[in-house]
Number of protein chains: 2
Amino acid sequence: MGRPHQTLLSRTAIARAALELIDDRGYEALTMRALADRLGVRGASLYHHIGSKDDVLDLVSELLDAEIDHTPLRSAPWREGIAAYARGYRRVFQRHPNAIALVARRGVHTEGALSEYDTLLATLIRAGCTPALAAETAAALDFLVIGSALETYAAGFSRPPSEYRPDYPALADSLEAAARVDPAPTALDDRGFELGLRMILGGLAHQLKTAPDE
Amino acid sequence: MGRPHQTLLSRTAIARAALELIDDRGYEALTMRALADRLGVRGASLYHHIGSKDDVLDLVSELLDAEIDHTPLRSAPWREGIAAYARGYRRVFQRHPNAIALVARRGVHTEGALSEYDTLLATLIRAGCTPALAAETAAALDFLVIGSALETYAAGFSRPPSEYRPDYPALADSLEAAARVDPAPTALDDRGFELGLRMILGGLAHQLKTAPDE
DNA sequence: ACCTGAACACCGTTCAAGT
DNA sequence: ACCTGAACACCGTTCAAGT
């Protein structure tokens, strides 16, 4: 059988197990003891590879970052490329809804995210933005992605639209109309995100056409 | 002196103390024992008034909701009214940065938020939106507010811009240009938010002018 | 009715051991 | 070098007791 154990654990194995645990059983189920369990080891062993639970959360953030497909940013035309990138960014959180609480902790600005941002900013500048405008646009796109990821998770209006009548008639009308357009529960989130994306990128295109130097 | 204590505690007193504790010492310092301490009582006493810590967090969410000024929504013209409302909404989180983790838990859609949403949607419909478009626009605005609140907290790029060179030249350029526009640390967040707001409301105004029925 | 002390089952983390 | 058992100081929560 060989020696009892040499390197059962590694930082990446721990990170992957942590993300699996979050996906399977929720963010609150991520406990050092539960994590060790999933790795066939006892809680204290983890501390030979990671410094703290916070350290583990950082590693999971990096895993999520790595899932973002930033190849669309390299593809012309810039407007479709950026839209595809933003959708892919958002899709990572849709795949890991239980991990969204991580975002609130620290954002997704891990070390690995820097080159993505650099590419996004370079794309915007190449499209005609000043560097300052590029930074603002990237921020706005980020807010939209992060905000929509969170809202999906928090899904506000859980009751059937009709229950909001008669106290909140505009709310009831809007929710019913939205459900008629697409009854899927996340459809309104998706459409709100797409609207924001269209407005930001459309507005930017218009601004670049009329005043290319700011 | 009177009798020893009758109703030292109440749900609102607990909620207010909880928000104070979060503001003063951070989200993680909100402990049932620390909360009881601040109220001059022992931990177990709290459970005569609230059901669980989760219950307390909900109460704090309602407190934050109540801080949002939604009077601008009633003021014409709609575009400025909605912009002022969104800024005020965001300002609540700027006043309580440590409370942003609450948002990830549940969003801000407490019972008290319903009438705000109803008013926002009514304003959009009065401005010419279909109910479905109003819902999507409200969602996009929400994403922008929530996302920008979170990003401020998570403030990504903490190092001086020059450190990102030469690996990430577009990032360094953008951050330096943004700092020249306004060196305040949250300025880029503010400007990104304003850009998103301008794009969404401007795009909407344009859409309502060219195709008033969708 | 409301506050309390003590207890329960958990946490994250440390550390002297073992191999 | 790496895993472990036992312990530490904490959690949220419960409950029999006191007033």
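Residues numbered from 1 in each chain as written. Chains lettered and ligands numbered in written order. Predicted model: local features only at pLDDT ≥ 70, side-chain atom pairs only at ≥ 80, totals over all residues. Heavy atoms only, no water.

A few words on the overall build of chain A. The helix and strand inventory of chain A stands at nine helices and zero strands. Moving toward the C terminus, one meets the helices and strands of chain A in the order α-α-α-α-α-α-α-α-α. Its C-alpha atoms give chain A a radius of gyration of 21 Å, clearly above 17 Å, the size a compact globule of 214 residues would have. Taken along its principal axes, the extent of the C-alpha atoms in chain A is 70 × 50 × 25 Å. Within the span of chain A, comprising 214 residues, buried residues form 50% of the whole. Here the analysis covers contacts within chain A between residues at least 6 apart in sequence; of these, 66% occur between residues at least 24 apart. (Helix = DSSP H or I, 4+ residues; strand = E, 2+ residues; numbered from the N terminus. Rg over C-alpha atoms; globule rule 2.2 N^0.38 Å. Buried < 20%, exposed > 50% of the residue type's maximum accessible area, 1.4 Å probe, protein only. Contact = heavy atoms within 4.5 Å.)

So, about the UniProt feature "DNA-binding region" (unreviewed entry) in chain A. Listed under "DNA-binding region" (unreviewed entry) in the UniProt record, and renumbered for this structure, are residues 31-50 of chain A. The span residues 31-50 of chain A shows a helical share of 35% and a strand share of 0%, and its end C-alpha atoms are spaced 14 Å apart. (UniProt positions renumbered as here; feature names shortened; annotations may be inferred.)

Looking at DNA strand D, there are 19 residues lining it, with Arg-42 and His-48 of chain A together with Arg-33, Tyr-47 and Lys-53 of chain B nearest. For DNA strand D, the backbone portion of the atoms within 4 Å of the protein, that is sugar and phosphate, comes to 55%. In this structure, Ser-45 of chain A approaches DNA strand D through a side-chain N or O atom, which is 3.0 Å from a phosphate oxygen. Within the contact set of DNA strand D, a sugar or linking oxygen lies 3.5 Å away from a side-chain nitrogen or oxygen of Thr-31 of chain B. (Near = heavy atom within 4 Å. Polar contact = N/O pair within 3.5 Å; in protein donor to acceptor, adjacent residues only side chain to side chain.)

At the interface, 60 residues of chain B touch 60 residues of chain A. Summed over both partners, the interface of chain B with chain A comes to about 4800 Å²; 72% of that surface belongs to carbon and sulfur atoms. When the buried surface of chain B facing chain A is broken down by residue, Glu-136, Phe-143 and Met-199 of chain B rank first, second and third, together holding 15% of it. Applying the counting rule to chain B against chain A returns two salt bridges. Of the charged contacts, one joins Arg-191 of chain B and Glu-136 of chain A as a salt bridge, the two residues approaching to 2.6 Å between their closest N and O atoms. Elements with a contribution of two residues or more to the side of chain B that touches chain A: α5 (100-106), α6 (114-126), α7 (131-154), α8 (169-181) and α9 (187-210) of chain B. (Buried area = accessible area lost by both parts, 1.4 Å probe. Salt bridge = Lys/Arg side-chain N within 4 Å of Asp/Glu carboxyl O.)

Overlaying chain B on chain A yields an RMSD of 0.0 Å, the required transformation being a rotation through 180 degrees with an accompanying axial translation of 0.0 Å. Taken together, the turn and the small shift mark the pair as related by a two-fold rotation axis. Closest approach to the rotation axis among the C-alpha atoms of chain B is made by Gly-147 of chain B, whose C-alpha sits 2.0 Å away. (Least-squares fit on C-alpha atoms with pLDDT ≥ 70 in both.)

So, on to the protein's contact with DNA strand C. Taken together, 19 residues lie near DNA strand C, and Arg-33, Tyr-47 and Lys-53 of chain A together with Arg-42 and His-48 of chain B sit nearest. Within the backbone of Met-32 of chain A, a nitrogen or oxygen atom sits 2.9 Å from a phosphate oxygen of DNA strand C. One of the backbone nitrogen or oxygen atoms of Arg-42 of chain B is found 2.8 Å away from a phosphate oxygen of DNA strand C. For the surface near DNA strand C, a count of residues per class yields eight nonpolar, seven polar and four charged. (Nonpolar A, V, L, I, M, F, W, Y, C, P; charged D, E, K, R; others polar.)

What follows covers the UniProt feature "domain: HTH tetR-type" (unreviewed entry) in chain A. UniProt's feature table lists "domain: HTH tetR-type" (unreviewed entry) at residues 8-68 of chain A, given in the numbering used throughout. End C-alpha atoms of residues 8-68 of chain A are separated by 28 Å, and the span's content is 61% helix alongside 0% strand.

On to the pattern of salt bridges, then. Using the criterion set out here, one finds 18 salt bridges over all chains in the structure. With a closest N to O distance of 3.4 Å, Asp-55 of chain A and Arg-11 of chain A form a salt bridge. In this pair, Asp-55 of chain A sits in helix α3 (residues 53-67) while Arg-11 of chain A sits in helix α1 (residues 11-25), placing the two residues 44 residues apart along the sequence. For Arg-11 of chain A, a relative accessible area of 38% corresponds to the partly exposed category. Arg-95 of chain B is the partner of Glu-67 of chain B in a salt bridge, and the nearest nitrogen-oxygen pair spans 3.2 Å. With Glu-67 of chain B in helix α3 (residues 53-67) and Arg-95 of chain B in helix α4 (residues 78-95), the pair connects residues that are 28 residues apart, well separated along the chain. Using a relative accessible area of 45% as the deciding quantity, one classes Arg-95 of chain B as partly exposed. Among the ionic contacts, a cluster of salt bridges with common partners joins Glu-20, Asp-24 and Arg-38 of chain A.

Residues and elements named next belong to chain A. Along its sequence, chain A is carved into domain 1 (1-60) and domain 2 (68-210). Here the C-alpha centroids of domain 1 and domain 2 sit 32 Å apart. Contacts between the two partners involve nine residues from domain 1 and, on the opposite side, eight residues from domain 2. Overall, the association of domain 1 and domain 2 removes approximately 790 Å² of surface from exposure, summing both partners, and the carbon and sulfur fraction of that is 54%. The largest per-residue losses of area from domain 1 upon contact with domain 2 belong to Asp-23, Tyr-27 and Asp-58, which jointly make up 55% of the total buried on that side. Between the two partners, domain 1 and domain 2, sit zero salt bridges. The interface formed by domain 1 and domain 2 includes three residue pairs in polar contact (both at pLDDT 80 or more). For the side of domain 1 that touches domain 2, the secondary-structure elements that each account for two or more residues are α1 and α3. Considered class by class, the residues forming the side of domain 1 that touches domain 2 number five nonpolar, one polar and three charged. (Domains from an automatic or database assignment.)

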